[in-house]
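# A look at the structure
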Amino acid sequence: MELLEKTLKQITPPAEIWREKARQHILTLTMPPWALGRLLDLAVDLAGIQQTLQPETRRKNIILMAGDHGITEEGVSPSPKEVTGQMIANFTAGGAGVCVLGRQAGAAVSIVDIGVDADLSGFGDRILHRKIRRGTANFARGPAMSRAEAVRAVETGIEIAQEMSDRTDVFGTGDMGIGNTSPSSAILSVLTGLPLTECVGMGAGLTPEMVKHKVEVIARGIEVNRPDRNDTLDVLAKVGGLEIGGIAGVILGAVSRHKAVVVDGFISTAGAMIAAKLCPASVPYMIMAHCSAEPGHRAMLEMLGKKPLLELGLRLGEGSGGALAMPILDSAAAILREMATFQSAAVSGEGNYRK
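Below or above, wherever it landed, is the structure these notes cover. Since the structure is predicted, the reported quantities are computational estimates derived from the model, not experimental observations.

On to the nonpolar core, then. Within the largest apolar cluster, 113 residues are counted, with the highest numbers of intra-cluster contacts made by F91, I251 and M286. Among the elements that take part in this core, helix α10 (residues 242-256) stands out by supplying nine residues, more than any other. Setting aside residues no more than four positions away along its own chain, I251 makes contact with T173, V261, V263, G271, A272, A275 and M286.

For the rest of this paragraph, the subject is α10. The end-to-end C-alpha separation of α10 is 21 Å, in line with the 21 Å expected for 15 residues at 1.5 Å each. Two residues or fewer past α10, H258 is found with a positive phi of approximately 60°.

Moving on: unusual backbone geometry. Peptide bonds are trans in most cases, and residues, glycine excluded, mostly fall at negative phi. One non-glycine residue with positive phi stands out, namely W34, at about 55°. By the element assignment, W34 lies in the loop between α2 (16-26) and α3 (38-50). Unlike most non-glycine residues, Q51 shows phi in positive territory, near 60°. Here Q51 lies in the loop between α3 and β1 (60-67).

Relative to the assigned elements, K214 resides in helix α8 (residues 208-225). For the buried residue K214, which engages in no salt bridge, the nearest side chain bearing the opposite charge is E294, 5.0 Å off. Excluding residues that lie within four positions of it along the chain, K214 makes contacts with V76, T181, S182, V200, G201, G203 and L206.

Running from amino to carboxyl end, helix α5 (residues 97-105) crosses helix α13 (residues 320-338) at an angle of 5°, the nearest separation of the two axes being 8 Å. By the criterion of interaxial angle, the relationship of α5 to α13 is roughly parallel. For the pair formed by α5 and α13, the contact residues are V98, L101, G102 and A105 on the first element and S320, A323, L324, M326, P327 and D330 on the second. Residues of the contact of α5 with α13, tallied by class, amount to seven nonpolar, two polar and one charged.

In this section: α2. All of the buried residues along α2 are R19, A22 and I26. For α2, the angular spread of the buried residues around the axis is 60°, confining them to a single face. Each element contacted by the buried residues of α2 is listed here: α3 and α13.

Our next topic: the side chain of T72. With respect to the helices and strands, T72 occurs in the loop between β1 and α4 (82-92). Side-chain polar atoms of T72 contact the backbone oxygen of H69, separated by 2.9 Å. Setting aside chain neighbours within four positions, we find T72 in contact with K81, I178 and G179.

Looking down a regular strand, the side chains alternate between one sheet face and the other. Across the two faces of strand β5 (residues 260-263) the burial is the same, with A260 and V262 and V261 and V263 all buried. One ladder, built from three bridges, connects strand β4 (residues 170-176) with β5; its direction is parallel. Bridged to F171 within β5 is V261. In the sheet, β5 pairs with strand β6 (residues 286-288) via three bridges, with the strands oriented parallel. Bridged to V262 within β6 is I287.

Structurally, S165 can be placed in the loop between α6 (147-164) and β4. For S165, a relative accessible area of 3% translates into the label buried. Beyond its immediate sequence surroundings of up to four residues, S165 is in contact with F171, R257 and K259.

Gaps between atoms show up when a probe of the same size as a water molecule is rolled over them. Size it by volume and the largest pocket reaches roughly 500 Å³. Taken together, 31 residues form the lining of the largest pocket, with N180, T181, A204, R315 and L316 sitting closest to its centre. Among the elements of the structure, α4, β4 and α11 (266-278) are those that each provide at least two residues to the lining of the largest pocket. Ranked by the residues each element gives to the lining of the largest pocket, the list is headed by α11, at three residues. Within the lining of the largest pocket, the residues separate by chemical class into 13 nonpolar, 12 polar and six charged. There is about 330 Å³ of room inside the second largest pocket. If you go around the second largest pocket, you meet 13 residues; those closest to its centre are R38, D41, D45, K306 and K307. Listing elements by their share of the lining of the second largest pocket, those giving two or more residues are α3 and β6. In terms of residue count, α3 provides more of the lining of the second largest pocket than any other element does, four residues in total.

Another point: the packing of aromatic side chains. All told, the structure shown has zero aromatic pairs when counted by the stated rule. One residue, K21, lies across the ring of W18, its end atom 3.9 Å from the ring centre.

Quick notes on the rules
- Residues numbered from 1 in each chain as written.
- Predicted model: local features only at pLDDT ≥ 70, side-chain atom pairs only at ≥ 80, totals over all residues.
- Heavy atoms only, no water.
- Core = buried A, V, L, I, M, F, W, Y, C linked by side-chain atoms within 4.5 Å.
- Buried < 20%, exposed > 50% of the residue type's maximum accessible area, 1.4 Å probe, protein only.
- Helix = DSSP H or I, 4+ residues; strand = E, 2+ residues; numbered from the N terminus.
- Contact = heavy atoms within 4.5 Å.
- Expected span 1.5 Å × (residues − 1).
- Lys, Arg positive; Asp, Glu negative; His and termini not counted.
- Salt bridge = Lys/Arg side-chain N within 4 Å of Asp/Glu carboxyl O.
- Axes fitted to C-alpha atoms, helices over the stretch in contact; angles between N-to-C directions.
- Parallel < 35°, antiparallel > 145°, perpendicular 65-115°, else oblique.
- Nonpolar A, V, L, I, M, F, W, Y, C, P; charged D, E, K, R; others polar.
- Arc of directions from axis to C-beta.
- Polar contact = N/O pair within 3.5 Å; in protein donor to acceptor, adjacent residues only side chain to side chain.
- Pairing = 2+ DSSP bridges.
- 1 Å grid on protein atoms, 1.4 Å probe; cavity = no way out; pocket = protein on both sides within 12 Å on 5 of 7 lines; lining within 4 Å.
- Points joined across faces, edges and corners; volume = space filled by probe spheres on them.
- Phe/Tyr/Trp six-rings, centres within 6.5 Å; stacked < 30°, edge-to-face > 60°.
- Lys NZ or Arg CZ within 6 Å of the ring centre and 35° of its normal.

In structure tokens form, the structure reads like this:
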């Protein structure tokens, strides 16, 4: 707990003085007030996070946390858990969706084995080997992991983000783990009190009957474990996932170094909920990439009080939505850095446009 506690103490809200400087600077730019809408809101966010009117977004890194889930024993996913390890090979070969979209966005993709139920030592330094255990236990029958393992998952994410912070301007979150929509749905239901029927979706392609079975399995897991919604680490340990804890840690570690974090979809936002519960001051640093096709994702965004940048019906995960959204950050930062002012461009009208 030492690293987690130390990190939480380091986190402060974005600097309001720099947010106000950005607002005032934007009002001097050659356009009607706030004519670029939410792009300018994002520019203000970046200025407050980085504490400068010259924010940088060039160095992007999507941290993809991978882990398996014992809950797959209950038939909650149409894919076998072996797919998790097989996808690691696809990621390292650059063939996965997030790899393609990451290249388009100029973002690196760093793959972390935090809990894959397979021996991945053969991948060498192509991935980060931070395995805590070979997959979680089946939370329909008992806790997914111990509290100590949950803490280790969060602290692993913190360590990775802090180690990379000197060479990263913007972080992204990504995930891989067959069955991981089940713990994400459980976390949402426990933390918000929403009925599971509003939290559980089709995941990787379930039929309506399979979705009904999934709801029943998750409900049994919550009943068996009785996670304490007022104890975030208890929720993570009892019904969560190793990669979800790792994502929460990446967010907290990045935030402690004043870095923006582009949060992907349903699984990543479950990690963001854990981070937010552990440290509410981390929320303003989170930029929500998109609203997933998973029905519970919108409820997660509402809980966090956040608006997504995109709404494209995505449900791939991996950090793919984050990669799609990252160029929007590039544009927001560039407007703040490069757009001419009325004075520099010798354009009349600044006095009429200022609020």
